[in-house]
Amino acid sequence: MEKVLVLGSINIDFVSFVSQYPKPGETLISNDFGIFQGGKGANQAIALAKLDVPTLMLGKVGKDALNDFAFSSLKESGVDISGISKSKKVSTGSASIWVNTQGQNSIVLYPGANGEIDEDFIFQHEKFFDNASWLLTQFEIPLESIFFALKLAKAHKLKTIIDPAPVREIVNNDIWELVDYLLPNEIELKEFTNTENVLKAIHILKSRGVKEVIVKLGKQGAGYEDNGSFNLFSALPVENVVDTTGAGDCFIAAFLYGMIQWGNIPRAIKIANLISAYSIQKKGAAISFPIKSEIDWKKLE
Ligand code: RIB
């Protein structure tokens, strides 16, 4: 099976489950608390590995005890961790997360070692680009490094797929022609194109060089442009949404799994809708993603 190189963030998530968000100056008692593996890069790598896709993670952890947590959760899920190094100066990235009773989250991120991923780091790991077929990355590491990695990926003939989250201002529009698949949500789409019209936004991104744009619309599902119309695939109904943290990560990994297996965008979106529906029914990000045997594939038809 084609191999995926995931370049991105590795965080530890400190999650409080609350009935409501605290106001400034207020102290609230949470209903539950958990420490989970997080970071969009690590989450996406774990989601792929759980689907049996050969996956290598390129990233950085800190000089603290949290790095053991990260190394173990990635390794236990089957991710190749030989592209992860330890910072000598800063801590592992962390996220303070509140999840409310509807499963929605608010996140405060400390980048830590993720912020140290620079061009040199990527260049030192160039050998990993040789035997991979895809580069998957997100916007939780410095943008210059993403740009550099995309150029390297193209030089090594890799296909590229990007989760442009969290949303960032793009000053160098040259980045877009290096992107084969872009999976923004509506907020990101508007930030990049200045329009709320989804089809128009897709056309703008394609005119800048992105090959395919798959728009994630949360509860509504996801879609892409097909012969001038927006082709929407509905999300699966979920009765009890527990925690939506990492659902987008599970979605993009499952989409990529679908593309590797069938090379067909509509089928890959349906697979991503199916698999990400599992992730919102359990607490935590990476830990909530299903392994292949847990998935009811009949629901695809
Ligand atoms: O996408 C969810 C992730 O965003 C969390 O795991 C958190 O670490 C932040 O990076």
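S.K.: Quick one: what's the story with the overall build of the chain, residue by residue and with numbers?
M.R.: Within the chain, the secondary structure is distributed over nine helices and 13 strands. A globule of 301 residues ought to have a C-alpha radius of gyration of about 19 Å, and the chain, at 18 Å, matches this closely. Across its three principal axes, the chain shows a C-alpha extent of roughly 50 × 45 × 40 Å. When the 301 residues of the chain are sorted by exposure, 53% land in the buried category. Put simply, 69% of the contacts in the chain that link residues at least 6 apart link residues at least 24 apart.

S.K.: So, the site of the ligand: which residues are in play, and what are the values?
M.R.: In the neighbourhood of the ligand, 13 residues make up the surrounding shell, with Asp13, Gly39, Lys40, Glu140 and Asp249 lying closest. Taken by itself the ligand offers 280 Å² of open surface, and the protein chains cover 95% of this. Most atoms of the ligand, that is more than half of them, are within 2 Å of grid points of the largest pocket. Elements represented by at least two residues in the shell around the ligand include exactly strand S2 (11-17) and helix H1 (40-50). Broken down by class, the residue content of the shell around the ligand amounts to three nonpolar, six polar and four charged.

S.K.: Residue-level account of the packing of aromatic side chains, with values.
M.R.: What the rule picks out here adds up to nine aromatic pairs. Relative to Trp262, the ring of Tyr257 lies with its centre 6.2 Å away and its plane at 85 degrees, an arrangement referred to as edge-to-face. Assessed through its relative accessible area of 3%, Tyr257 is described here as buried. Note on Trp262: relative accessible area 40%, which makes it partly exposed. Between Lys151 and the ring centre of Phe147, over which it is positioned, the NZ or CZ distance is 4.5 Å.

S.K.: Give a detailed account of helix H9 (residues 265-279), specifying residues and quantitative values.
M.R.: Over its 15 residues, H9 extends 21 Å from the first C-alpha to the last, a length consistent with the 21 Å expected when each residue adds 1.5 Å. Summarising burial for H9: 11 of the 15 residues are buried, a large majority. Within the sequence span of H9, burial applies to Ile265, Ala268, Ile269, Ile271, Ala272, Asn273, Leu274, Ile275, Ser276, Ala277 and Ser279. Between the side-chain oxygen of the N-cap and the backbone nitrogen of Arg267 there are 2.9 Å, and the N-cap of H9 in question is Asn264.

S.K.: Tell me about the layout of surface pockets, and name the residues and values.
M.R.: Take a probe with the size of a water molecule and roll it over the atoms, and the empty space left behind shows itself. Computed from the structure, the largest pocket encloses a volume of approximately 1,500 Å³. Along the walls of the largest pocket sit 43 residues, with Asn105, Gly218, Thr244, Ala247 and Gly248 positioned nearest its centre. When residues of the lining of the largest pocket are traced back to their parent elements, those giving at least two are S2, H1, strand S6 (93-99), strand S7 (105-110), helix H6 (186-193), strand S12 (221-226), helix H8 (247-262) and H9. In terms of residues, the lining of the largest pocket owes the most to one element, H8, which gives four residues. Across the lining of the largest pocket, the residue classes break down as 18 nonpolar, 16 polar and nine charged.

S.K.: Could you give an account of a nonpolar patch on the surface, with specific residues and numbers?
M.R.: Residues Phe33, Ile35 and Phe69 make up a contiguous nonpolar surface patch of about 260 Å² in total accessible area. For Phe69, the position within the fold is in helix H2 (residues 66-77).

The rules behind each value
- Residues numbered from 1 in each chain as written.
- Predicted model: local features only at pLDDT ≥ 70, side-chain atom pairs only at ≥ 80, totals over all residues.
- Heavy atoms only, no water.
- Helix = DSSP H or I, 4+ residues; strand = E, 2+ residues; numbered from the N terminus.
- Rg over C-alpha atoms; globule rule 2.2 N^0.38 Å.
- Buried < 20%, exposed > 50% of the residue type's maximum accessible area, 1.4 Å probe, protein only.
- Contact = heavy atoms within 4.5 Å.
- Near = heavy atom within 4 Å.
- Areas by Shrake-Rupley, 256 points an atom, 1.4 Å probe, with all protein chains shown as cover.
- 1 Å grid on protein atoms, 1.4 Å probe; cavity = no way out; pocket = protein on both sides within 12 Å on 5 of 7 lines; lining within 4 Å.
- Sits in = over half its atoms within 2 Å of the grid points.
- Nonpolar A, V, L, I, M, F, W, Y, C, P; charged D, E, K, R; others polar.
- Phe/Tyr/Trp six-rings, centres within 6.5 Å; stacked < 30°, edge-to-face > 60°.
- Lys NZ or Arg CZ within 6 Å of the ring centre and 35° of its normal.
- Expected span 1.5 Å × (residues − 1).
- Polar contact = N/O pair within 3.5 Å; in protein donor to acceptor, adjacent residues only side chain to side chain.
- Points joined across faces, edges and corners; volume = space filled by probe spheres on them.
- Patch = residues over 30% accessible without salt bridge, like charges linked within 9 Å, V, L, I, M, F, W, Y side chains within 5 Å.
- Salt bridge = Lys/Arg side-chain N within 4 Å of Asp/Glu carboxyl O.

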